[in-house]
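Below, each chain spelled out in residue letters.
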Amino acid sequence: MNSVVDWLRTSTPGLLVLCGIAIAVLLVVIIKVKLEPFIALLIVGLGLALAAGLPVNEIVGTAIKSNESLLETGFGGILGHIAVIIGLGTVLGAILEKSGGAQALTAKLLGVFGERGAPIAMGLLGLIFGIPVFFDIGIFVLAPLVYVAARQGGKSLVLYALPMLAGLSMTHAFLPPHPGPVALGGLLEVNLGWLILFGFICGIPGFIAAGLVWGNWIGKRIIVDVPEDFINDGDDTTAEGGGAGTVATKRPVITTPPSVGTIGAIIAVPLVLILGATFGSILLDPGNLLEVLTFFGTPAVALLIAVLIAFYVLGIRRGSTVQELSKLTGESLRPVGMLLLVVGAGAFFGKVISATGIGTALADTMAAAGLPIIVLAYIISCALRVAQGSATVAIVTTGGIVGPLVAAQDYSAPAVALIAMSIAAGSIIASHVNDGGFWIISKFFNLTVKQTLQTWTVLETILSVVSFAVAGILFAIIA
């Protein structure tokens, strides 16, 4: 018995077996037992640490001091990096949503592209509005606007919905301040500026292939009508909750929606500031200018500036009170807590992977097999996504596994960012019935399960594969 335990704890094959068992247990408790991923990651991380023979004081600290334990550093390290960014990004998205920015963007884009180009307009709407707004919130806000475009165009709802969904999915998977890319920035220790740059470079081709090319092709072959209970009696009507079986309700009329230029400028502010700091550190010598760029380009500061501008331009200047903005802020932050706990637990799991030597064992095995790290990262992320459905769990778990391998190599920041893109791409592949987003889309856009598999599942797979292909080609050039 002791020899088996020693083999598991000290040999490369044994450590890989321990890792495989841990991931299998994680999937079982999430999929079969239906345990919250936060609790599941915590239990499996602690179990793996004990099974691998790590000292208890290294895992959880002592009764006197715990702040250097894996549990504390795993949670604290990643949450210190991402909590402020995700919180501010959530607030920015909320104020943009409430201001009527989506309606203004829709009207402008439909005016530019016309009736024939309405699907492209819907795709750009999802792409632009998806930068500051979480995926599911984006669907809730934009679905009624897609209904209007489909009703006016007289074609299948699929033709208009898929480009919009591709835009939302691409930004959610690849661009900060969304939770996955931000978490990867912390787990792989890469600047968010590089993630923004390569998020666009890798994600846009995937968006075009999945949302515009595939959406146009399949939208002409699967005919879905706008839900009958959606009543289009003017700009003051929207479907509460959306989709089949919901009731259309009145929403307040936005008499003076913000201009498209205003919305675009507010969305661009944090992106430009973060990118300015990233490239300033490369192009400029140390000095006052670089310090200014670094300060204002720090993601938390850049997003705080954008939030303050949005509060004034879209709130106070348009008649909102500080109390109303505070209430909106509080309401928007309520769903963030569990998300942060999942990311923190995933980071702890990654710390355990590193401390047990499993990361080194994976690196040795990968080197022996000749498998590039970017391919390994994509495969692991894909497997976890397909198995348990959550993109966030797939990202933080894969980041924890791959993080030690990245740290052990002398990769440049752009190369690490491309590895992050491969993980993000894998986390969205083949959305199916174990993914909550699958059912939201099915209900909101009047699709049967078969139709959702034929449209949305294929879209996500195309977006994943194309974006990973771009990341892989660039990695081969850069690394």
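Please read all numbers here as calculations on a predicted model, not as lab measurements.

1. Thoughts on the overall build of the protein
Stage number 1. A count of helices and strands for the protein gives 22 helices and two strands.
Stage number 2. Against the compact-globule benchmark of 23 Å for 479 residues, the protein has a radius of gyration of 23 Å, which places it among compact chains.
Stage number 3. Counting only C-alpha atoms, the protein reaches 75 × 55 × 45 Å along its principal axes.
Stage number 4. A separation of at least 24 residues holds for 76% of the contacts in the protein among residues at least 6 apart in sequence.
Stage number 5. Side-chain charges in the protein split into 21 positive and 24 negative, and the spacing between the mean points of these groups amounts to 9 Å.

2. So, the environment of Ala 430
Stage number 1. Examined against the element boundaries, Ala 430 turns out to sit in the loop between α20 (413–426) and α21 (436–444).
Stage number 2. The spatial distance from the C-alpha of Ala 430 to the C-alpha of Ser 464 is 8.5 Å, given a sequence separation of 34 residues.
Stage number 3. In this structure Ala 430 touches Val 386, Thr 457, Glu 460 and Thr 461, once residues within four positions along its chain are discounted.

3. Here we look at the nonpolar core
Stage number 1. Counting residues in hydrophobic clusters, the biggest one holds 155 residues, and the most contacted among them are Leu 92, Leu 142, Leu 188, Ile 419 and Phe 445.
Stage number 2. The element best represented in this core is helix α9 (residues 157–174), accounting for 13 residues.
Stage number 3. Apart from residues lying up to four places away in sequence, Leu 92 is in contact with Pro 132, Ile 266, Leu 303, Ala 306, Val 307 and Ala 310.

4. Some points on the packing of aromatic side chains
The geometry of two aromatic rings is summed up by the distance between their centres and the angle between their planes.
Stage number 1. Scanning the entire structure with this criterion turns up eleven aromatic pairs.
Stage number 2. When the ring of Tyr 147 is compared with that of Phe 445, the centres are 6.3 Å apart and the planes differ by 75 degrees; the resulting orientation is edge-to-face. Taken together, the residues span a long stretch of sequence, with Tyr 147 in helix α8 (residues 135–153) and Phe 445 in the loop between α21 and α22 (449–478) at a distance of 298 residues. Judged on exposure class, the residue Tyr 147 and its partner Phe 445 are both buried.
Stage number 3. Ring centres of Phe 438 and Trp 439 lie 5.1 Å apart, and the angle between their planes is 80 degrees; this geometry places the pair in the edge-to-face category.
Stage number 4. Classification of Phe 438 as buried rests on a relative accessible area of 0%.

5. Quick word on the pattern of salt bridges
Stage number 1. This model, assessed by the stated rule, comprises two salt bridges.
Stage number 2. Its salt-bridge partner being Asp 435, residue Arg 385 comes within 3.2 Å of it at the nearest N-O pair. Taken together, the residues span a long stretch of sequence, with Arg 385 in helix α18 (residues 373–388) and Asp 435 in the loop between α20 and α21 at a distance of 50 residues.
Stage number 3. Judged by its relative accessible area of 12%, Asp 435 falls in the buried class.
Stage number 4. Put simply, Arg 385 and Glu 460 hold a salt bridge, and the shortest N to O gap is 3.6 Å. One end of the pair, Arg 385, is in helix α18; the other, Glu 460, is in helix α22, with 75 residues separating them in the sequence. Each member of the pair, Arg 385 as well as Glu 460, is classed as buried.
Stage number 5. Salt bridges here are not isolated pairs; linked through shared partners, they connect Arg 385, Asp 435 and Glu 460.

6. Quick notes on unusual backbone geometry
Stage number 1. With an omega of 10 degrees, the peptide bond between Pro 176 and Pro 177 qualifies as cis.
Stage number 2. Among the secondary structure elements, Pro 177 is positioned in the loop between α9 and α10 (179–187).
Stage number 3. Despite not being glycine, Glu 189 shows a phi value in the positive range, around 55 degrees.
Stage number 4. Relative to the helices and strands, Glu 189 resides in the loop between α10 and α11 (192–219).
Stage number 5. Overall, the relative accessible area of 73% leaves Glu 189 in the exposed class.

7. A word on a positive patch on the surface
Stage number 1. Taken together, the side chains of Arg 116, Lys 155, Lys 220 and Arg 221 present a region of like positive charge at the surface.
Stage number 2. Assignment of secondary structure puts Lys 155 in the loop between α8 and α9.

8. Comments concerning the packing of α11 against α22
Stage number 1. Interaxial distance between α11 and α22 falls to 8 Å at its minimum, and their mutual angle equals 145 degrees. The handedness of the crossing between α11 and α22 is right-handed. Every residue of α22 that contacts α11 at Phe 198, Ile 201, Cys 202, Gly 203, Pro 205, Gly 206, Phe 207, Ala 209, Ala 210, Gly 211, Trp 214 and Ile 218 is listed here: Gln 454, Thr 455, Val 458, Leu 459, Ile 462, Leu 463, Val 466, Ser 467, Val 470, Ala 471, Leu 474 and Ile 478.
Stage number 2. Here the contact of α11 with α22 is composed, by residue class, of 18 nonpolar, six polar and no charged.

9. Some words on the confidence of the model for the protein
Stage number 1. Looking at the protein, the pLDDT average stands at 85 and 92% of residues meet or exceed 70.
Stage number 2. Note on residues 231–254: pLDDT is under 50 here. Beyond four places in sequence and across chains, it has 46 contacts.

10. Concerning α20
Stage number 1. Given a rise of 1.5 Å per residue, 14 residues ought to cover 20 Å, and the 20 Å separating the end C-alpha atoms of α20 matches this to within 8%.
Stage number 2. Within α20, 13 of the 14 residues are buried, which leaves the element mostly enclosed by the surrounding structure.

11. Points about the packing of α18 against α22
Stage number 1. It is at 10 Å that the axes of α18 and α22 come closest, and there the two elements cross at 165 degrees. On the basis of the axis angle, α18 is roughly antiparallel to α22. Crossing of α18 against α22: the hand is right-handed. Along its contact with α18, which presents Ile 373, Ile 374, Val 375, Tyr 378 and Arg 385, the element α22 presents Glu 460, Ser 464, Val 465, Phe 468, Ala 471, Gly 472 and Phe 475.
Stage number 2. Each residue belonging to the contact of α18 with α22 can be placed in one class, and the counts come to eight nonpolar, two polar and two charged.

The rules behind the values
Residues numbered from 1 in each chain as written. Predicted model: local features only at pLDDT ≥ 70, side-chain atom pairs only at ≥ 80, totals over all residues. Heavy atoms only, no water. Helix = DSSP H or I, 4+ residues; strand = E, 2+ residues; numbered from the N terminus. Rg over C-alpha atoms; globule rule 2.2 N^0.38 Å. Contact = heavy atoms within 4.5 Å. Lys, Arg positive; Asp, Glu negative; His and termini not counted. Charge placed at Lys NZ, Arg CZ, Asp CG, Glu CD. Core = buried A, V, L, I, M, F, W, Y, C linked by side-chain atoms within 4.5 Å. Buried < 20%, exposed > 50% of the residue type's maximum accessible area, 1.4 Å probe, protein only. Phe/Tyr/Trp six-rings, centres within 6.5 Å; stacked < 30°, edge-to-face > 60°. Salt bridge = Lys/Arg side-chain N within 4 Å of Asp/Glu carboxyl O. Patch = residues over 30% accessible without salt bridge, like charges linked within 9 Å, V, L, I, M, F, W, Y side chains within 5 Å. Areas by Shrake-Rupley, 256 points an atom, 1.4 Å probe, with all protein chains shown as cover. Axes fitted to C-alpha atoms, helices over the stretch in contact; angles between N-to-C directions. Left-handed = near helix turned anticlockwise from the far one by under 90°. Nonpolar A, V, L, I, M, F, W, Y, C, P; charged D, E, K, R; others polar. pLDDT = per-residue confidence, 0-100. Expected span 1.5 Å × (residues − 1). Parallel < 35°, antiparallel > 145°, perpendicular 65-115°, else oblique.

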